[in-house]
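Below are the chains, spelled out letter by letter.
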Amino acid sequence: MAANKKLLVLPGDGIGPEVMREVLRVVDWMAKHRAVGFDLQEGLVGGAAFDAHGTPLTDETMADAAAADAVLFGAVGGPQYDSLPFEQKPERGLLQLRKEMDLFANLRPAIVFDAMADSSSLKRDLVAGLDILILRELTGGIYFAQPRGIDEMADGSRKGYDTNLYTTPEIERVGRVAFDLARKRQGRLTSVEKANVMMSGVLWRETMTALHAAEGDGVEMSHMYADNCAMQLVRNPKQFDVIVTDNLFGDILSDCAAMLTGSLGMLPSASLGAIDETTGKRHALYEPVHGSAPDIAGQGLANPLAELLSYTMLLRYSFDMNEDADLIEQAVQNVLNSGIRTADIMQDGMARVSSTVMMDSVLKELNKLAGV
Ligand code: IPM
Ligand code: MG
């Protein structure tokens with residue numbers, strides 16, 4: 001069914017390769033049992049690419065990513081790269097992929113599986129059943145806008161500066177994605193900025209208000225300042241359905257939302273470009289919200305579920321394979337319900353397992369569910 005679809009796999013650094021290795025077992029299983037076949041290609045990114053080629057992303061890998069139907073990404077970074085010049089740091093590889101593929105819409109769901117409600121640092125009733133979606137603008141704002149730099153001043157001191165800049169088209173295109181997503185969910189959207197102190201925030205609010213009047217049918221939209229949003233996320237997270245916000249606030253608020261669920265090790269994300277009107281295709285990259293976790297890398301401890309759920313997002317958003325994605329998510333739920341846990345989500349009385357045993361368990365459930 002999906003033959004000839006090209007998937008570029010970029011495991012990256014730290015726990016990236018470990019969790020990717022586990023997820024590729026499910027990718028194999030899907031090819032065998034569900035006819036979900038991909039042409040797989042693997043590449044280096046981040047510190048791994050730097051070690052091999054002296055750059056966090058080669059032109060060849062960049063071209064492979066642009067040509068792929070979807071990219072499955074692991075994680076980048078590690079302390080051994082901390083002293084590299086800015087442009088060679090592992091994170092630059094990821095930022096270049098986002099920018100050059102124009103992946104402006106970053107979907108970061110924060111979902112609390114029933115079996116996991118006690119892992120949150122918040123009380124169970126605040127988070128049980130939580131299902132919110134943060135839509136982060138990913139290619140603009142302070143991450144990329146010019147001018148930025150560190151300059152010497154006449155008195156010998158230095159100044160470091162960045163620019164937070166948004167244009168109306170940049171706000172509108174992510175705003176449209178937000179309306180679409182909200183319509184498919186509960187129809188509620190919170191647009192987040194700091195219009196009380198930032199000019200880019202004033203423009204963000206004005207643009208979202210006008211766009212909502214013109215194109216926001218079926219969506220109930222409200223505005224919230226980013227600091228208040230951080231507070232509301234830990235006070236009463238279930239008040240939210242979809243949150244749309246800029247690149248920097250989205251980075252911060254999505255970490256906060258992630259922790260509501262009890263573990264970063266469970267959360268996937270999708271970064272999407274615009275749909276090409278002639279081909280109907282869009283660039284897309286899928287990655288766990290967690291980082292490379294150098295402290296536990298190489299020990300077989302990492303939770304492979306965020307990477308696995310990134311793969312299920314890939315099946316949904318790039319290939320409309322919703323039933324296949326449902327099947328994997330059901331298998332994950334069953335495994336969690338059975339009390340199997342990696343270290344990051346360990347609870348009293350449950351069975352603590354390695355990355356590999358976690359995926360063995362998912363594969364066993366898949367076999368059961370599929371009757372093979
Ligand atoms: C994220 C990460 C990245 C970001 C880093 C690794 C560059 O924190 O995806 O949230 O800041 O966007
Ligand atoms: Mg982040």
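Attention in this report is confined to the structure presented alongside it. Just so we're clear, the structure is a prediction, and the values are computed from it rather than from any experiment. (Residues numbered from 1 in each chain as written. Chains lettered and ligands numbered in written order. Predicted model: local features only at pLDDT ≥ 70, side-chain atom pairs only at ≥ 80, totals over all residues. Heavy atoms only, no water.)

## Side note on the nonpolar core
And then number 1: The biggest cluster of nonpolar side chains holds 66 residues, and the ones touching the most others in it are L189, L308, Y311, L314 and L315.
And then number 2: No other element matches helix 10 (residues 305–319), which puts eight residues into this core.
And then number 3: Among residues more than four places away in sequence, those in contact with L314 are L7, F38, A70, V71, L72, Y286 and F319.
And then number 4: Among the nonpolar cores identified, the runner-up in size contains 18 residues, and M224, I243, L253 and L260 belong to it. (Core = buried A, V, L, I, M, F, W, Y, C linked by side-chain atoms within 4.5 Å. Buried < 20%, exposed > 50% of the residue type's maximum accessible area, 1.4 Å probe, protein only. Helix = DSSP H or I, 4+ residues; strand = E, 2+ residues; numbered from the N terminus. Contact = heavy atoms within 4.5 Å.)

## A closer look at helix 3 (residues 59–67)
And then number 1: Taken together, the buried positions of helix 3 are T61, M62 and A65. Along the axis of helix 3, the buried positions cluster into a sector of 105°, meaning they face one direction only. Exposed side of helix 3, more than 90 degrees from the buried face: D59 and E60 are the residues found there.
And then number 2: Of the surrounding elements, those touching the buried residues of helix 3 are strand 1 (6–12), strand 3 (70–75) and helix 4 (90–100). (Arc of directions from axis to C-beta.)

## Focus: the packing of aromatic side chains
And then number 1: Tallied over the full model, the rule gives three aromatic pairs.
And then number 2: Ring geometry for Y166 versus W204: centroids 5.4 Å apart, planes at 85°, classification edge-to-face. A residue pair is termed long-range when its members are at least 10 positions apart, and Y166 in the loop between strand 7 (158–161) and helix 6 (168–184) and W204 in helix 7 (residues 199–215) qualify at 38 residues. As far as the burial class goes, Y166 and W204 line up, both buried. (Phe/Tyr/Trp six-rings, centres within 6.5 Å; stacked < 30°, edge-to-face > 60°.)

## Quick word on the sheet that holds strand 3
And then number 1: Read across the sheet, ten strands follow the order 2-1-3-12-11-4-5-10-8-9 without closing on themselves; strand pairing throughout is mixed. In this open sheet, the two edge strands, each paired with only one partner strand, are strand 2 (39–42) and strand 9 (220–225). Direction aside, neighbouring strands of the sheet carry axes that sit 20° apart on average.
And then number 2: Here helix 3 sits on the sheet in contact with strand 1, strand 2 and strand 3, set at roughly 135° to strand 1.
And then number 3: Its contacts with the sheet place helix 6 against strand 4 (105–111), strand 5 (131–137), strand 8 (188–193), strand 9 and strand 10 (242–245), and it is angled at close to 165° to strand 5. (Pairing = 2+ DSSP bridges. Axes fitted to C-alpha atoms, helices over the stretch in contact; angles between N-to-C directions.)

## Describing the site of ligand 1
And then number 1: Taken together, E91, R98, R108, R136, Y143 and D251 make up the full set of residues adjacent to ligand 1.
And then number 2: For ligand 1, an oxygen atom lies 2.8 Å from a polar atom in the side chain of R136.
And then number 3: The contact in question runs from an oxygen atom of ligand 1 to an N or O atom on the side chain of D251, over 2.9 Å.
And then number 4: Within the complex, the protein chains bury 75% of what would otherwise be the 320 Å² of accessible surface of ligand 1.
And then number 5: The residue makeup of the shell around ligand 1, split by class, is one nonpolar, no polar and five charged. (Near = heavy atom within 4 Å. Polar contact = N/O pair within 3.5 Å; in protein donor to acceptor, adjacent residues only side chain to side chain. Areas by Shrake-Rupley, 256 points an atom, 1.4 Å probe, with all protein chains shown as cover. Nonpolar A, V, L, I, M, F, W, Y, C, P; charged D, E, K, R; others polar.)

## So, the pairing of strand 3
And then number 1: Counting buried positions along strand 3 yields six of six residues, so the element is predominantly enclosed.
And then number 2: The sheet contact formed by strand 3 and strand 12 (residues 284–288) spans two bridges and is parallel. Across the sheet, the residue bridging to V71 is L285, located in strand 12.

## Details of the packing of helix 1 (residues 16–34) against helix 11 (residues 322–337)
A packed helix pair is summarised by two numbers, namely the angle formed by the two axes and the spacing between the axes.
And then number 1: Running from amino to carboxyl end, helix 1 crosses helix 11 at an angle of 125°, the nearest separation of the two axes being 12 Å. The angle between the axes of helix 1 and helix 11 places the two elements in the oblique class. Classified by chirality, the crossing of helix 11 by helix 1 is right-handed. The segment helix 1 lies against helix 11, with V26, W29, M30 and R34 engaging E323, D324, L327 and I328.
And then number 2: Residue composition of the contact of helix 1 with helix 11, by class: five nonpolar, no polar and three charged. (Parallel < 35°, antiparallel > 145°, perpendicular 65-115°, else oblique. Left-handed = near helix turned anticlockwise from the far one by under 90°.)

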